[in-house]
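# Chains, contacts and geometry: an overview
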2 protein chains.
Amino acid sequence: MESEANGADRKPMSILEVEEWRRCAHQMVDFIADYYRDIATFPVRSQVEPGYLKALLPEAAPEDPEKLDDVLADVRTKILPGITHWQSPSFFAYYPSNGSTAGYLGEMLSGGLNVIGFSWISSPAATELETIVLDWLGKLLELPQQFLSCGGGSGVIQGTASEAVCVVLLAARRRSALKLMAQGILECEAFGKLSAYVSDQTHFCVQKAAQIAGVAANLRVIPTDSSTNFALSPSALRKALAEDIASGYTPFFLCGTVGTTSSAAVDPLGELGDIAQEHELWFHVDAAYAGNACICPENRHNLEGVDKADSYCMNPHKWLLCNFDCSTLWVKHPKFLTDALSTRPEVLRNKATDANAVVDLKDLQIPLGRRFRSLKLWFIMRLYGASGLRSYIRNHISAAKHLESLIIASDRFEMVVPRNFSLVCFRLKAHEDDSARGNTLNATLLEAVNIRGECFLTHTILDGVYTLRMAVGSTRTELQHVKDAWAIINHEADRLISIS
Amino acid sequence: MESEANGADRKPMSILEVEEWRRCAHQMVDFIADYYRDIATFPVRSQVEPGYLKALLPEAAPEDPEKLDDVLADVRTKILPGITHWQSPSFFAYYPSNGSTAGYLGEMLSGGLNVIGFSWISSPAATELETIVLDWLGKLLELPQQFLSCGGGSGVIQGTASEAVCVVLLAARRRSALKLMAQGILECEAFGKLSAYVSDQTHFCVQKAAQIAGVAANLRVIPTDSSTNFALSPSALRKALAEDIASGYTPFFLCGTVGTTSSAAVDPLGELGDIAQEHELWFHVDAAYAGNACICPENRHNLEGVDKADSYCMNPHKWLLCNFDCSTLWVKHPKFLTDALSTRPEVLRNKATDANAVVDLKDLQIPLGRRFRSLKLWFIMRLYGASGLRSYIRNHISAAKHLESLIIASDRFEMVVPRNFSLVCFRLKAHEDDSARGNTLNATLLEAVNIRGECFLTHTILDGVYTLRMAVGSTRTELQHVKDAWAIINHEADRLISIS
């Protein structure tokens, strides 16, 4: 028994033997640095066909250990062709995923410590640093004090904005259901009476959250149009509320957006907030992408009215140099989240929790375990400084402005909506009497550009108009990359027009 | 305009300039390697008091960039004291968080590529490798073919077992609610009729998932006791089902556990599965910790009956050398998950998705964005091989067996339940006529051991009995660390008994 254990227990050491770990991790650093160095040699959008990888890999795990060099060779030849290179400076699709040196260093440290910070005692620094850096970031955004720890609020890092809106929707559902239950209504019946409000430009994660919470049947999707540049109209909201109240529904939740996914539209937070307060709605502000820009004073006006919100979310992984994932959520009243999500099992009981001396962040999110993600934000704010972060945002906006000016000056292209932040929505002009042909033309142009592999853009449809989206925000994107992409777009437009 | 952009756009380069990135990342590798080298010098459970960090850090982010050396110095002096060292070989608390060289390399690469694999096209390799490695792992576990891609099933990596059970509960809710709705019942009323079944040993994440899904009112918690070693009794389940059916409820969900959180109890999956099939319940098997051990043939019998389950979850980050987070979920019918969670917004439309040629993994989870976590599993299975992984599990179980033999041989300690896998549940014997005193004595012993900082154990309560839990499963834990902890426990027991 003893000798068996002794004989066997040498193995785990080689599984995390320190000097071997050091050597292999150095090797991986060089592998990734070389990837960054060579990134422009890969097609930005992966060009593989569905199912490509299955043919290249064995059907089962190997019985015996393989060598790192062999695995890295496979990464090079089999994995990289299947990568869409979000870190390429010519990535203009969706909204970006922002890696940086500081963000990566924080990620490395988090992975190395490998702590699971579900409750304070499970790693006090993980909980406390999160509170501190979210206060820091909240101050950079000039969030009202009620969102910060000193004002009774709370910041908490979620994985994604989808999770953030899910937890606040659940908190709101609980808060409003309790009121109805106090009137003798069963909880499940209460769910059937609750109505929520978004615009047709609101991120689809709110729809998903409503499905999860079981309140999707009464999610009102308010149409927008170009008259408000696709922002939610307060009068349309008032009308929807009045109809629902007349029909016996209990409005409970409103989501406003700063920088919509399609076109970076900005909802009028102040007016929406007034309506929310009047009707006791939970008012959530989703600023996943554009919120980051509001650390610059010249952009801060987009957040005016956020003081009337109950919760505010933004994704530093989108545009604040934070490696994915890191979605920062602030709430004024964390109590409503813990009411909806808290559990206190015996196995996690400890002195600090029992004494209510600490916050256990597991109670402000869906998962139990959580990584030490605040390290990334801490590294970023310290290593770039607030001034460095502002300058980073300004460079992208400035490059987007330049693109906008080229489009406006162009004969054949047009802006579909005015540029907001660093998102440029444009298209090849179409004959007004043939919108279907215009849409096909632009879809064809998009694919012609993307298939070349030199840059990657995506699209949206605004009021029926097929629109090219160019989000300038990848970490290493400079003005020259925008100019290069514009030259490619023009080149393909030439070809397309000469054919048709 | 041009010159302004040119002048400014040098900055982003320094934010991810390749050679600087390389140099800094190498520096971080050495920092973490030194941490592993010195890990035994830190108290395993952090000894700080609540609020310690606030006093040590500024109230706001710096305006100007700071130096990496200064940040790392702060990590050393301010953060590390607030860390509970999950990677310490003397960490025996909760269930472990398993870092490894291979797991970390996969994590590094995932962070470096920094792709967001919500849909296939957003990085085909991320989706395809996930399917492939979950097939590999499923085969190591001898999961039935219906869980694998070749059998129409699907594996998908979630962050935590909490998220896994949440998505399957939502899928089950949708499936059963649709049946009721077909009878003319409103969706929200259907939720009120659905009843779910767990034992009092089931992980509390199922309770949380039921709260989220709005079906917690009819979550039946079936008591267990020492007669089944705290496993769920099929006859008790049948009784609960009969009562609910008689009262007009529609039973829809059952969770069985292989390796409960408290005592690693194993529910009888075969019998539970028969009952589930008879009543058309969604049968989920949570094997977060112990499932990993079932890659060894001698432990595989614990999964007998899993072929009757609809979904199976286990956490390689708990005991399969995978850095946190990585929770692997397999389902037989992914369609039910997509029915509950799918969204198809215009901005994500693409040829492959429209042609139904691919799976978009965002539709099998709550968040939209997702990291490239399958790299970790791929690296682990290749670099250690199936044989290395089995030997790793066996070493821990062997060390736990040794501890069990010491406890059984001891005069003053006793096992509270028989050891299962690598979890040892024990206590100082108490006079049978004074259970309160016995509980206090053991709670005092636990705190006396933990405050020393040389090892970290946690507790549970089984049938009213305060129980010390020693989970042998940290990556670098060897037999000697178990022996050392046992010596400390005995030393403190001596002191305690001499005082009392």
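Residues numbered from 1 in each chain as written. Chains lettered and ligands numbered in written order. Predicted model: local features only at pLDDT ≥ 70, side-chain atom pairs only at ≥ 80, totals over all residues. Heavy atoms only, no water.

On to the overall build of chain A, then. Secondary structure assignment for chain A yields 17 helices and 11 strands. Taken over the C-alpha atoms alone, chain A extends approximately 85 × 65 × 45 Å along its principal axes. Considering chain A as a whole, with its 500 residues, one finds that 68% of them fall into the buried category. Long-range contacts, defined here as pairs at least 24 residues apart, represent 74% of the contacts in chain A between residues at least 6 apart. Only carbon and sulfur atoms are counted for the fraction: they give 52% of the accessible area of chain A, which is about 16,300 Å². Treating the 47 positive side-chain charges of chain A as one cloud and the 58 negative ones as another, the clouds have centres 3 Å apart. (Helix = DSSP H or I, 4+ residues; strand = E, 2+ residues; numbered from the N terminus. Buried < 20%, exposed > 50% of the residue type's maximum accessible area, 1.4 Å probe, protein only. Contact = heavy atoms within 4.5 Å. Areas by Shrake-Rupley, 256 points an atom, 1.4 Å probe, with all protein chains shown as cover. Lys, Arg positive; Asp, Glu negative; His and termini not counted. Charge placed at Lys NZ, Arg CZ, Asp CG, Glu CD.)

Across its 21 residues, helix α17 (residues 479-499) of chain B extends 31 Å between first and last C-alpha, which sits within 8% of the 30 Å expected from 1.5 Å per residue. The set of residues buried in α17 of chain B consists of L479, H481, V482, A485, W486, I488, I489, N490, E492, A493 and L496 of chain B. (Expected span 1.5 Å × (residues − 1).)

Take the packing of helix α16 (residues 435-452) of chain A against helix α17 (residues 479-499) of chain A next. Axis angle and axis distance: for two packed helices, these are the angle between their axes and the distance between the axes, and together they describe the pair. All names here are of chain A. Where α16 meets α17, the axes come as close as 9 Å, and the angle between the chain directions of the two elements is 125°. When the axis of α16 is compared with that of α17, the two are oblique. α17 is crossed by α16, and the crossing has right-handed handedness. Of the residues in α17, those touching α16 at L441, T444, L445, A448, V449 and R452 are I488, I489, H491, E492, A493 and L496. Broken down by class, the residue content of the contact of α16 with α17 amounts to eight nonpolar, two polar and two charged. (Axes fitted to C-alpha atoms, helices over the stretch in contact; angles between N-to-C directions. Parallel < 35°, antiparallel > 145°, perpendicular 65-115°, else oblique. Left-handed = near helix turned anticlockwise from the far one by under 90°. Nonpolar A, V, L, I, M, F, W, Y, C, P; charged D, E, K, R; others polar.)

A few words on the packing of helix α5 (residues 101-113) of chain B against helix α15 (residues 374-409) of chain B. Residue and element names in this part refer to chain B. Contact geometry for α5 and α15: axes closest at 8 Å, N-to-C directions at 145°. Note on packing geometry: the crossing formed by α5 with α15 is right-handed. Residues T101, A102, G103, L105, G106, E107, L109, S110 and L113 of α5 touch α15, and the partners they reach there are L375, K376, F379, I380, L383 and Y384. Partitioned by chemical class, the residues of the contact of α5 with α15 number nine nonpolar, four polar and two charged.

On to the pairing of strand β10 (residues 458-462) of chain B. All names here are of chain B. Burial runs high along β10: four of the five residues are buried. Pairing of β10 with strand β11 (residues 465-471), which is carried by five bridges, proceeds in the antiparallel orientation. In the sheet register, T460 faces β11, and the bridge partner there is T467. Linkage of β10 to β11, two consecutive antiparallel strands, is achieved through a turn of two residues, within which D463 is found at a positive phi near 55°. (Pairing = 2+ DSSP bridges.)

In sheet architecture, strand pairing relies on hydrogen bonds along the backbone and comes in two forms, parallel and antiparallel. All names here are of chain B. If you trace the four strands from one edge of the open sheet to the other, you get β8-β9-β11-β10, paired in antiparallel fashion. Bordering the open sheet on either side are β8 (413-415) and β10, each of which pairs with just one other strand. Each neighbouring strand pair of the sheet contributes to a mean axis angle of 40°, computed without reference to strand direction. Sitting on the sheet, α15 touches β8, β9 (423-428) and β11, and the angle it makes with β8 is about 125°. Strands in contact with helix α16 (residues 435-452) are β8, β9, β10 and β11; relative to β11, the strand with the most contacts, it is inclined by about 30°.

The transform that puts chain B on chain A rotates by 180° and translates by 0.0 Å along the axis, for an RMSD of 0.0 Å. One copy is carried onto the other by what is essentially a two-fold rotation axis. An overlap of 100% is found between the interface residues of chain B and their copies at the interface of chain A, pointing to a shared contact surface. (Least-squares fit on C-alpha atoms with pLDDT ≥ 70 in both.)

Time to look at the interface of chain B and chain A. If you look at the interface, chain B gives 159 residues, while chain A gives 159 residues. A buried area of about 15,000 Å², summed over both sides, lies between chain B and chain A, and 65% of it is on carbon and sulfur atoms. For the chain B face of the interface with chain A, the top three residues by lost area are I15, W21 and R382 of chain B, together amounting to 5%. Here chain B is connected to chain A by 10 salt bridges. (Buried area = accessible area lost by both parts, 1.4 Å probe. Salt bridge = Lys/Arg side-chain N within 4 Å of Asp/Glu carboxyl O.)

What follows deals with the domain arrangement of chain A. Interface size is commonly expressed as the accessible area that is lost once the parts come together. Residues and elements named next belong to chain A. If you check the domain split of chain A, you get domain 1 (116-371) and domain 2 (382-499). Relative placement of domain 1 and domain 2: their C-alpha centres are 31 Å apart. On the domain 2 side, the residues contacting the 28 residues of domain 1 number 24 residues. Around 2,100 Å² of area is buried between domain 1 and domain 2 when both sides are counted, 68% of it from carbon and sulfur atoms. Summed over the shared surface of domain 1 and domain 2, the result is one salt bridge. The shortest N-O distance in the salt bridge between R394 and E298 comes to 2.6 Å. (Domains from an automatic or database assignment.)

Residue and element names in this part refer to chain A. Judged by pairing direction, the sheet is antiparallel, and its four strands sit side by side in the order β8-β9-β11-β10 without closing on themselves. Two strands bound the open sheet, and with one partner strand each, they are β8 (413-415) and β10 (458-462). Ignoring strand direction, the axes of neighbouring strands in this sheet form an average angle of 40°. The strands that helix α15 (residues 374-409) touches are β8, β9 (423-428) and β11 (465-471); relative to β8, the one it contacts most, it runs at about 125°.

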